[in-house]
Amino acid sequence: MKLTRLACAVALVLAVGACGSDSDSGRQAEAPKVAMQQEIGASEGNLNLVVWAGYAENGSTDKKVDWVTPFERKTGCKVNAKVADTSDSMVALMNTGQYDGVSASGDASLRLIYGGAVAPVNTNLLRNYGDIATYLRNQPYNSVKGQMYGVPHGYGANYLTYRTDKISQKPTSWSIVWDPKSPAADHVVDYDSPTYIADAALYLKAHRPDLKITDVYELTQEQFDAAVALLKQQRPNVNQYWSNYLDEIQSFKAGDNWAGTAWQVTAQLAKSEGAPIGTTIPQEGATGWSDTWMISSRAEHPNCMYKWMNWISAPKIQAAVAQWFGEAPANPKACQYAAKGFCAEFHANDVDFYRRLAFWKTPVADCGDSRGAVCVDYSKWTDMWSQIKG
């Protein structure tokens with residue numbers, strides 16, 4: 001069904017799934033009709049962004065780390081960046097209409113699309129778009145019916161990370177965090193987000209074939225309930241729920257965390273500070289994240305935003321951001337400008353590695369297949385996450 005932009009905007013906060021398709025058709029949900037820009041005009045002089053920390057460095061953190069100032073000099077667009085620490089914060093900020101663009105992860109992007117907060121992107125205006133890794137384009141978390149809603153930026157895995165002095169053998173399964181009798185009991189660390197329910201579903205997908213889970217973000221009520229039950233069973237063994245990776249580093253260093261989910265940059269920083277840390281992708285695979293630069297449907301400075309998307313997707317800039325933040329660049333040509341071994345370490349352009357990851361995406365009621373709109377939407381994931389943590 002086609003919904004008005006207003007209707008989807010209202011539904012956004014409460015339940016993205018309300019913007020799903022007719023339950024009998026199983027068709028992919030309709031996105032609100034938002035005009036797509038046809039050309040890049042003169043700079044408007046300003047650019048207001050919502051970003052993850054480290055995505056818009058201007059030299060204030062480290063004088064040697066600055067890709068914003070050269071952009072401003074070249075385009076005349078002064079960048080004003082607002083750092084958000086969670087995807088929920090990004091969605092809330094973008095819904096104010098005060099920002100031109102956002103570096104959205106997959107667990108925010110569909111909420112922004114179906115809520116009418118972002119506009120479809122004219123990839124013909126993006127000179128580096130053809131160089132972006134094909135497996136990052138036209139994905140369920142950044143496109144609708146073949147229409148892209150941004151330019152992919154960087155991506156990574158949610159690794160099983162562990163203290164090698166506490167866990168003597170390299171884990172081969174996520175059971176190290178889910179088994180009540182795990183050697184990591186009382187010292188498990190989880191990512192603090194409703195999206196983490198998908199990690200439980202990923203484990204069940206491998207160990208409970210009777211549930212018939214095909215997509216860990218498209219869960220029927222029965223599948224969702226099973227994932228929630230697993231998380232509640234695990235709760236007594238959890239030492240920390242983290243959203244700021246710097247907090248997680250400190251806990252790993254202190255020996256409070258023995259095993260759990262972390263980004264590669266977290267593990268590397270912890271190791272560089274003396275913590276005995278190992279990482280692996282277990283036999284069940286892992287969830288992951290892929291960020292996309294998206295333009296607001298109410299952007300006051302759309303030309304500057306398109307100029308930014310062209311700038312940030314260029315090989316040299318991609319290399320700079322990826323190495324500073326700790327992620328794989330979406331543009332493989334960045335690897336020629338990165339430090340030796342960096343792209344191999346972060347699995348840049350590694351298709352086989354990518355296929356082992358279930359990238360974050362916002363759960364919606366529309367299952368995306370013949371089941372129709374019978375899946376549990378994000379609002380229910382959010383409600384249940386609060387109950388799980390207690």
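What you are looking at is a predicted structure, and each value in this text was computed from that prediction instead of being measured.

Peer 1: In this structure, what is going on with the pattern of salt bridges? I would like to understand it.
Peer 2: Pairs can form between side chains of opposite charge once their charged atoms are near each other. Inspection of the entire model under this criterion finds eleven salt bridges. K333 is the partner of D131 in a salt bridge, and the nearest nitrogen-oxygen pair spans 3.3 Å. A residue pair is termed long-range when its members are at least 10 positions apart, and D131 in the loop between α4 (106–114) and β4 (143–144) and K333 in the loop between β13 (328–329) and α12 (342–345) qualify at 202 residues. Judged by its relative accessible area of 26%, D131 is partly exposed.

Peer 1: Would you take a moment to explain unusual backbone geometry for this structure?
Peer 2: A positive phi angle is found at K212, which is not glycine, with a value near 55°. Tracing the backbone shows K212 in the loop between α6 (197–207) and α7 (221–234). For K212, a relative accessible area of 66% gives the class exposed. The phi torsion at H347 lies on the positive side, around 60°, for a residue other than glycine.

Peer 1: Teacher, can you tell me more about the packing of helix α3 (residues 87–94) against α4 here?
Peer 2: Between two packed helices, both the angle of their axes relative to each other and the distance between the axes serve to describe the pair. With their axes 9 Å apart at the nearest point, α3 and α4 run at an angle of 25° to one another. For the element pair α3 / α4, the angle class is roughly parallel. The chirality of how α3 crosses α4 is right-handed. For the pair α3 and α4, contact is made by S87, D88, V91 and M94 and by D107, A108, R111 and L112, respectively. For the contact of α3 with α4, the per-class residue count stands at four nonpolar, one polar and three charged.

Peer 1: Help me out: how do you make sense of helix α11 (residues 315–325) in this one?
Peer 2: An α-helix turns once every 3.6 residues. As a result, residues three or four positions apart point the same way. Of all the positions in α11, only P315, I317, Q318, A319, V321, A322 and F325 are classed as buried. Elements in contact with the buried residues of α11: β6 (151–157), α9 (264–272), β12 (286–295), α10 (302–312), β13 and α12. Positive backbone phi, approximately 90°, marks G326, located one or two places after α11.

Peer 1: Could you clarify how one ought to interpret the side chain of S105 in this entry?
Peer 2: Looking at the element boundaries, S105 is found in the loop between β3 (101–104) and α4. A relative accessible area of 2% places S105 in the buried class. In contact with S105, other than residues within four places in its own chain, are W52, S87, S290, D291 and W360.

Peer 1: What should I look at first to understand the pairing of strand β8 (residues 188–191) in this one?
Peer 2: On a regular strand, each side chain points to the face opposite its neighbour's, so the side chains alternate between the two faces of the sheet. The alternating pattern of β8 places V188 and D190 and V189 and Y191 on opposite faces, both of which are buried. The pairing of β8 with strand β9 (residues 238–242) spans four bridges and is parallel. By the bridge assignment for β9, Y191 is matched with W242. Where β8 meets strand β10 (residues 259–262), two bridges bridge the pair, whose relative direction is parallel. Residue V188 lies in a different strand from β10, and its bridge partner there is A259.

Peer 1: What exactly am I supposed to notice about α6 here?
Peer 2: Counted residue by residue, α6 has eight buried out of eleven residues, so it is predominantly covered. All buried positions along α6 are accounted for by I197, A198, D199, A200, A201, L202, Y203 and L204. Close packing links the buried residues of α6 with α5 (175–178), α7, β10, β12 and α14 (378–389).

Peer 1: Help me understand the packing of aromatic side chains in this model?
Peer 2: What describes a pair of aromatic rings is the distance from one ring centre to the other and the angle between the planes of the rings. The full count for this structure, using the stated rule, is 24 aromatic pairs. With centroids separated by 5.3 Å and ring planes inclined at 15°, the aromatic side chains of Y191 and W360 adopt a geometry described as stacked. In this pair, Y191 sits in strand β8 while W360 sits in the loop between β14 (357–359) and α14, placing the two residues 169 residues apart along the sequence. Each member of the pair, Y191 as well as W360, is classed as buried. A centroid spacing of 5.7 Å and a plane angle of 80° characterise the contact between W293 and W308, whose relative ring orientation is edge-to-face.

Parameters at a glance
Residues numbered from 1 in each chain as written. Predicted model: local features only at pLDDT ≥ 70, side-chain atom pairs only at ≥ 80, totals over all residues. Heavy atoms only, no water. Salt bridge = Lys/Arg side-chain N within 4 Å of Asp/Glu carboxyl O. Helix = DSSP H or I, 4+ residues; strand = E, 2+ residues; numbered from the N terminus. Buried < 20%, exposed > 50% of the residue type's maximum accessible area, 1.4 Å probe, protein only. Axes fitted to C-alpha atoms, helices over the stretch in contact; angles between N-to-C directions. Parallel < 35°, antiparallel > 145°, perpendicular 65-115°, else oblique. Left-handed = near helix turned anticlockwise from the far one by under 90°. Contact = heavy atoms within 4.5 Å. Nonpolar A, V, L, I, M, F, W, Y, C, P; charged D, E, K, R; others polar. Pairing = 2+ DSSP bridges. Phe/Tyr/Trp six-rings, centres within 6.5 Å; stacked < 30°, edge-to-face > 60°.

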